[in-house]
Amino acid sequence: MPAFLLKRLMQSVMLLVIVSIIGFVVLNLIPGGPMAQYALDPGMTQEDMNRLAEQLGLNRPLWVQYLDWIWRLVQGDWGTSFRDGSPVLDVIGRHIFATLLLMGSSTVIAVAVGTWIGIRGATHRYSTFDYLATVGAMIALSIPTFWFGLIGIYVFSLKLGWLPAGNMYTIGDGSVLNYLHHLIMPSTVLALVHIAIWSRFMRAATLDAISQEFVKTARAKGVGERRVILKHVVGNALLPMITLAGVQLPSLLTGALVTETVFTWPGMGRLFLDSLGYSDYPVVMGLLIFSAILTIAGNLIADIVVALVDPRIRLA
């Protein structure tokens with residue numbers, strides 16, 4: 001087990017280094033580079049640009065800039081925002097709660113609803129419910145997230161007036177109920193695609209577990225069907241779902257970016273797009289690394305949990 005954990009940790013660190021190199025190189029190869037925003041100032045001369053590039057260390061070779069950046073990153077200095085001069089970690093810190101709140105609530109919805117749909121679809125195979133669940137999943141996977149968001153705003157905000165069209169809370173009202181009221185629509189929209197994915201995987205895992213010999217043995221002993229499903233089938237079907245939860249994290253971050261933009265939700269996704277628009281490369285790189293850390297950590301934790309739960313992996 002310790003060797004397995006050490007190997008996964010080393011792989012995660014290597015993957016994080018590769019992601020940082022690719023992101024750093026791509027951002028610096030964009031036309032205009034990190035100096036693009038300053039070049040838009042009509043009063044900025046070439047001498048001023050050269051002086052500013054020297055102050056920021058952007059006139060050095062790219063590999064030297066990367067090593068300097070990664071060394072400061074390890075020490076906790078993620079750079080300074082070009083936009084307002086604030087430390088990058090402070091900028092991310094002001095938006096991380098909103099994104100984690102949105103991702104957490106949508107994950108709870110997706111896991112709860114998707115698990116129920118998958119189990120019921122497997123236990124009522126080829127029923128009307130199973131066919132409707134399959135069609136619904138295909139529709140949810142075929143339509144982009146922003147379309148669901150726009151339809152939700154049109155129906156529930158403009159026509160019915162039940163839910164707010166955007167923002168995280170109403171100015172002047174910071175109550176929990178107000179937060180929840182604003183959270184309902186974006187979290188549901190973000191969860192739709194993941195409900196479809198989770199339900200399909202859960203259905204397949206449940207069908208696989210139902211066909212195992214230990215389930216047939218339990219039924220032969222006279223164990224009730226409900227007890228067989230809850231005790232023997234669901235527990236084994238959830239094992240591959242733990243890995244899926246870690247794999248789903250990148251798509252959650254991507255979906256949060258779109259959802260936050262549609263609903264003007266003040267999270268990291270919207271911050272990423274705003275930073276790209278302002279050519280605020282330190283914040284963009286900070287968000288890229290932070291997202292990569294979240295994704296890699298999610299997969300690593302999922303692997304560890306599976307290894308702890310499944311004795312076959314732990315003993316191997």
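On a predicted model such as this, the values are computed, not experimentally measured, just so you know.

(A) Quick peek at the nonpolar core. With 17 residues, the main nonpolar core has Trp-69, Trp-78, Ile-92, Val-283, Met-285, Leu-287 and Ile-289 as its most contacted residues. Every element with two or more residues in this core is listed here: α1 (2-29), α4 (62-74), α5 (88-123), α12 (268-277) and α13 (281-309). If you tally residues by element for this core, the top one is α13, at six residues. Core analysis: the next-biggest nonpolar cluster, separate from the first, contains 15 residues, Ala-218, Ile-229, Ala-237 and Met-241 among them.

(B) Structural detail: a nonpolar patch on the surface. On the surface, Leu-9, Val-13, Val-17, Ile-21, Val-25, Leu-29 and Leu-62 cluster together to form a nonpolar patch covering roughly 560 Å² of accessible area. Looking at the nonpolar patch element by element, the count peaks at six residues for α1. With respect to the helices and strands, Val-17 occurs in helix α1.

(C) Focus on the side chain of Ser-12. Inspection of the secondary structure puts Ser-12 in helix α1. Note on Ser-12: relative accessible area 8%, which makes it buried. Among all residues touching Ser-12, those that are not within four sequence positions of it are Ile-296 and Leu-300.

(D) Summary view of unusual backbone geometry. Of note, Tyr-126 is a non-glycine position whose phi angle comes to about 65°, a positive value. Here Tyr-126 shows up in the loop between α5 and α6 (128-142). Here Thr-264, not a glycine, exhibits a phi torsion of approximately 45°, which is positive. Relative to the helices and strands, Thr-264 resides in the loop between α11 (249-262) and α12.

(E) Expanded view of the packing of aromatic side chains. Enumeration over the complete set of coordinates arrives at seven aromatic pairs. Among the aromatic residues, those joined into a ring-pair cluster are Phe-24, Tyr-66 and Trp-69. The ring of Phe-129 carries the charged tip of Arg-120 above its face, separated from the ring centre by 5.1 Å.

(F) Looking closely at the packing of helix α7 (residues 145-159) against helix α8 (residues 176-210). Put simply, α7 and α8 touch, their axes get as near as 10 Å, and they point 145° apart. Note that α7 runs across α8; the crossing there is right-handed. Residues Thr-145, Phe-148, Gly-149, Gly-152, Ile-153, Phe-156 and Ser-157 of α7 pack against Met-185, Val-189, Leu-192 and Val-193 of α8. Of the residues that constitute the contact of α7 with α8, the class distribution is seven nonpolar, four polar and no charged.

(G) Region of the structure containing the side chain of Ser-105. On the secondary structure map, Ser-105 appears in helix α5. With relative accessibility at 17%, the residue Ser-105 sits in the buried group. Residue contacts for Ser-105: discarding those within four places in its chain leaves Leu-183 and Ser-187.

(H) Local environment of the pattern of salt bridges. In total, this model carries five salt bridges according to the counting rule given. The closest approach of N and O atoms between Asp-77 and Arg-72, which form a salt bridge, is 3.8 Å. The class of Asp-77 is partly exposed, set by a relative accessible area of 34%. Residues participating in the shared-partner salt-bridge network are Arg-60, Asp-68, Arg-72 and Asp-77.

(I) Inspection of the packing of α1 against α4 at higher detail. Put simply, α1 and α4 touch, their axes get as near as 11 Å, and they point 130° apart. As far as their axial angle goes, α4 and α1 are oblique. In this structure, α1 meets α4 at a crossing whose hand is right-handed. Along its contact with α1, which presents Val-17, Ser-20, Ile-21, Phe-24, Val-25 and Asn-28, the element α4 presents Leu-62, Gln-65, Tyr-66, Trp-69 and Ile-70. Classifying every residue of the contact of α1 with α4 by side-chain character gives eight nonpolar, three polar and no charged.

Definitions and cut-offs
Position numbers for residues count from 1 along each chain, tracking the sequence in the order it is written. Residues qualify for local features only when their pLDDT is at least 70, as the model is predicted, and side-chain atom pairs are given and counted only at 80 or more; totals for whole chains, interfaces and linings, by contrast, use all residues. Only hydrogens and water are removed before side-chain values are computed, so all heavy atoms of the structure are retained for them. By nonpolar core is meant a set of buried Ala, Val, Leu, Ile, Met, Phe, Trp, Tyr and Cys residues that side-chain atoms within 4.5 Å join together. Note on classification: 1.4 Å probe, protein chains only; a residue is buried when its accessible area is under 20% of the maximum for its type, exposed when over 50%, partly exposed between these limits. Helix and strand assignments follow DSSP, with helices taken as H or I runs no shorter than four residues and strands as E runs no shorter than two, numbered in order from the N terminus. Surface patches are drawn from residues lacking salt bridges whose relative accessible area is over 30%; two like charges belong together within 9 Å, two nonpolar side chains (Val, Leu, Ile, Met, Phe, Trp, Tyr) within 5 Å. Accessible surface is estimated by sampling points in the Shrake-Rupley manner with a 1.4 Å probe; for residues, cover comes only from the protein chains shown. A side-chain nitrogen of Lys or Arg and a carboxyl oxygen of Asp or Glu constitute a salt bridge if their distance falls within 4 Å. By definition in these notes, contact holds between two residues if any of their heavy atoms fall within 4.5 Å. Think of it this way: a Phe, Tyr or Trp ring, Trp meaning its six-membered ring, pairs with another when their centres are within 6.5 Å, and the plane angle makes it stacked under 30 degrees, edge-to-face over 60, tilted otherwise. The rule for a charge over a ring is simple: NZ of Lys or CZ of Arg within 6 Å of the ring centre, and within 35 degrees of the ring normal. Here the axes come from fitting lines to C-alpha atoms, over the contacting stretch only for helices, and the angles between their N-to-C directions go from 0 to 180 degrees. Left-handed is the label given to a crossing in which the near helix is rotated counterclockwise from the far helix by less than a right angle, and right-handed is the label when the rotation is clockwise. All amino acids are sorted into three groups, where Ala, Val, Leu, Ile, Met, Phe, Trp, Tyr, Cys and Pro are nonpolar, Asp, Glu, Lys and Arg are charged, and the leftover types, Gly among them, are polar. For this classification, under 35 degrees means roughly parallel, over 145 means roughly antiparallel, 65 to 115 means roughly perpendicular, and everything else is oblique.

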